[in-house]
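# Structure assessment
Residues per chain, in single letters:
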Amino acid sequence: MGIGVIGLGTMGTIHANNLATSIFGAGLVAVADPDPHRAEQVSLPEGAVHRFSDYRALLDAKGVDAVVVASSSTTHAEILQEVLMRHLPVLCEKPLAPSLQESVGVHEAFHRAGVPLQLGFMRRFDPAYVRAFEAIQAGVIGTVYHYSGISRDQFAPPLAVAQHSGGFFADTGVHEFDLARWLMGQEIVEVFVRGGVFVSDAYRDLGDVDQAHVSFGMDAGGLGLIELTRNAMYGYDIRTEILGSRGAIRIGVQPETGMTLLTETGVTGDHVLSYRDRFREAYREELQAFVRCLHQGLPVLVNSLDGIRTVAVAEAAKQSLAEGRSVEVTYDA
Ligand code: ISE
């Protein structure tokens, strides 16, 4: 299966490299980015990969059987429409689209046409999260009733990137909202958010924040609390805990390697600095799962409905922060 990658920022480059080197049953055949230098900077297999500046040319190229959309979030809806016109299955980076209205439009169009759309919630493919999900499904911790999440980036993204990301909740929060829904087996129905700008002053002009707490309620009575941080400084830090009636499951910080340095001045270890490292395996696994589902004609494992539900929570979170009150999540499938 030939796959083309649209957008060669951080995520597009990761997907392109994985496709070029380590996905069974698929290979990289084309890349597209409006900036010609980007396509040159990515090291791609000689000769076999076509480089385009216009993504439409990639969509029409021979040998492209499916695509990965990893362009900036604000371009997703437009690009996905063109992808759908050609009936190409797609793995789209999160969020589906920055607004709920656009996301619903994309979902309905793909659903009607029966074209597979997998969403890039890679944490669902991370080995630790897969084990946690399986244990919860097997009833090991009884009835789950509380979700806690900590999501800290080392540094806030540059303003130019943040401007096209849909804001803190659509860009970063959606991962946590998706994990909570998936692991708890419930939908988030109400949120209350506090937040502010503590480090990245320029974010004030964007009307965005760099620190937030999201407290939420779920449709079967579950509760949750999420901390989102853009500037942890010491590294990338993702932690999750699910509490159930018979125990808890914790996914903690993972070191980059198992090395610990012990000297007379103290003991130190290493730490992952970014999602590129922490979820390296998950990015490969999500692509492999996408390809496997296409080959076997199975439904994709994370779909546009997951995209809508998480963007609906992100919109409610934004509104709660602005209005200082609890907000109901209104989207109803
Ligand atoms: C970033 O945009 C991502 O999508 C990463 O997966 C996430 O962990 C990070 O917090 C976001 O800023």
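### Comments concerning the overall build of the protein
For the protein, the count of helices and strands is twelve helices and 15 strands. Relative to the compact-globule value of 20 Å for 333 residues, the protein shows a C-alpha radius of gyration of 20 Å, a close match. Principal-axis analysis of the C-alpha atoms places the extent of the protein at approximately 55 × 55 × 45 Å. A buried classification covers 52% of the 333 residues belonging to the protein. Of the contacts formed within the protein by residues at least 6 apart in sequence, a portion of 71% connects residues at least 24 apart. On the protein, roughly 15,100 Å² of surface is accessible, and the fraction owed to carbon and sulfur atoms is 53%. Each charge sign in the protein was given a centre, from 26 positive and 40 negative side chains, and these centres are 3 Å apart.

### Some details on the pairing of strand S12 (residues 247-251)
Pairing of strand S11 (residues 237-244) with S12, which is carried by five bridges, proceeds in the antiparallel orientation. Bridge pairing in S12 places Gly 244 opposite Gly 247. Where S11 folds back onto S12 in an antiparallel hairpin, the turn is made up of two residues.

### Overview of the site of the ligand
The ligand sits among Lys 94, Met 122, Arg 123, Asp 153, Asp 171, Thr 172, His 175, Tyr 236 and Tyr 275. Between Thr 172 and the ligand, the recorded distance is 3.1 Å, taken from a side-chain N or O atom to an oxygen atom. Note that an oxygen atom of the ligand is positioned 2.9 Å from one of the side-chain N or O atoms of His 175. With three residues, the single largest contributor to the shell around the ligand is helix H8 (residues 168-184). Looking at the shell around the ligand residue by residue, the classes come out as three nonpolar, two polar and four charged.

### Focus on the domain arrangement of the protein
When the domains of the protein are assigned, the result is domain 1 (2-122) and domain 2 (123-328). The gap between the C-alpha centroids of domain 1 and domain 2 is 23 Å. With 39 residues of domain 1 at the contact, the number on the domain 2 side is 39 residues. In this assembly, domain 1 packs against domain 2 so that about 3,300 Å² is buried in total across both faces, 68% of it on carbon and sulfur atoms. The three residues of domain 1 that bury the most area against domain 2 are Gln 118, Phe 121 and Met 122, which together make up 29% of that side's buried surface. Along the contact surface separating domain 1 from domain 2 lie one salt bridge. In this structure, Lys 94 engages Asp 171 in a salt bridge whose closest nitrogen and oxygen atoms are separated by 3.0 Å. Put simply, domain 1 and domain 2 have 15 residue pairs in polar contact (both at pLDDT 80 or more) between them. When residues in the side of domain 1 that touches domain 2 are grouped by element, the largest group, six residues, is from helix H1 (residues 10-21).

### Describing the sheet that holds S11
On the basis of which strands lie adjacent, the open sheet formed by seven strands has the order S12-S11-S7-S10-S9-S8-S15 and mixed pairing. Edge positions in the sheet fall to S12 and strand S15 (327-328), since each has one partner strand and no second. Each of strand S7 (144-152), S11 and S12 touches helix H6 (residues 127-137); the most contacted strand, S12, lies at about 165° to it. Of the strands in this sheet, S7, strand S8 (188-196), strand S9 (211-218), strand S10 (223-229) and S11 are in contact with H8, which crosses S7 at around 150°.

### Here's the deal with the pattern of salt bridges
Opposite charge on two side chains makes pairing possible when the charged atoms of those side chains draw close. Summed over all chains, the structure comprises 25 salt bridges. A salt bridge links Arg 230 to Asp 208; its shortest N-O distance comes to 2.8 Å. You can see Arg 230 sitting in the loop between S10 and S11 and its partner Asp 208 sitting in the loop between helix H9 (203-206) and S9, a full 22 residues away along the chain. Each of the two residues, Arg 230 as well as Asp 208, counts as buried.

### Description of H6
Regarding H6, the residues found buried are Tyr 129, Ala 132, Ala 135 and Ile 136. Down the axis of H6, the buried side of the element spans an arc of 125°, and every buried residue falls inside it. With respect to the buried face of H6, the exposed residues turned more than 90 degrees away are Arg 131 and Gln 137. Where H6 is buried, its residues touch S7, H8, S11, S12 and helix H10 (275-278). Looking one or two places after H6, you find Gly 139, whose phi comes out positive at around 80°.

### Thoughts on unusual backbone geometry
Most peptide bonds take the trans form, and the phi angle of most residues other than glycine is negative. In this model, Lys 94 is joined to Pro 95 through a cis peptide bond whose omega is -10°. As for its placement among the helices and strands, Pro 95 is situated in the loop between strand S5 (90-92) and helix H5 (100-113). Phi angles above zero are rare outside glycine, and His 87 is one such case at about 55°. With respect to the secondary-structure elements, His 87 resides in the loop between helix H4 (76-85) and S5. In this model, Met 233 sits at a positive phi of 70°, which is unusual for a non-glycine residue. As for its placement among the helices and strands, Met 233 is situated in the loop between S10 and S11.

Definitions and limits used
Residues numbered from 1 in each chain as written. Predicted model: local features only at pLDDT ≥ 70, side-chain atom pairs only at ≥ 80, totals over all residues. Heavy atoms only, no water. Helix = DSSP H or I, 4+ residues; strand = E, 2+ residues; numbered from the N terminus. Rg over C-alpha atoms; globule rule 2.2 N^0.38 Å. Buried < 20%, exposed > 50% of the residue type's maximum accessible area, 1.4 Å probe, protein only. Contact = heavy atoms within 4.5 Å. Areas by Shrake-Rupley, 256 points an atom, 1.4 Å probe, with all protein chains shown as cover. Lys, Arg positive; Asp, Glu negative; His and termini not counted. Charge placed at Lys NZ, Arg CZ, Asp CG, Glu CD. Pairing = 2+ DSSP bridges. Near = heavy atom within 4 Å. Polar contact = N/O pair within 3.5 Å; in protein donor to acceptor, adjacent residues only side chain to side chain. Nonpolar A, V, L, I, M, F, W, Y, C, P; charged D, E, K, R; others polar. Domains from an automatic or database assignment. Buried area = accessible area lost by both parts, 1.4 Å probe. Salt bridge = Lys/Arg side-chain N within 4 Å of Asp/Glu carboxyl O. Axes fitted to C-alpha atoms, helices over the stretch in contact; angles between N-to-C directions. Arc of directions from axis to C-beta.

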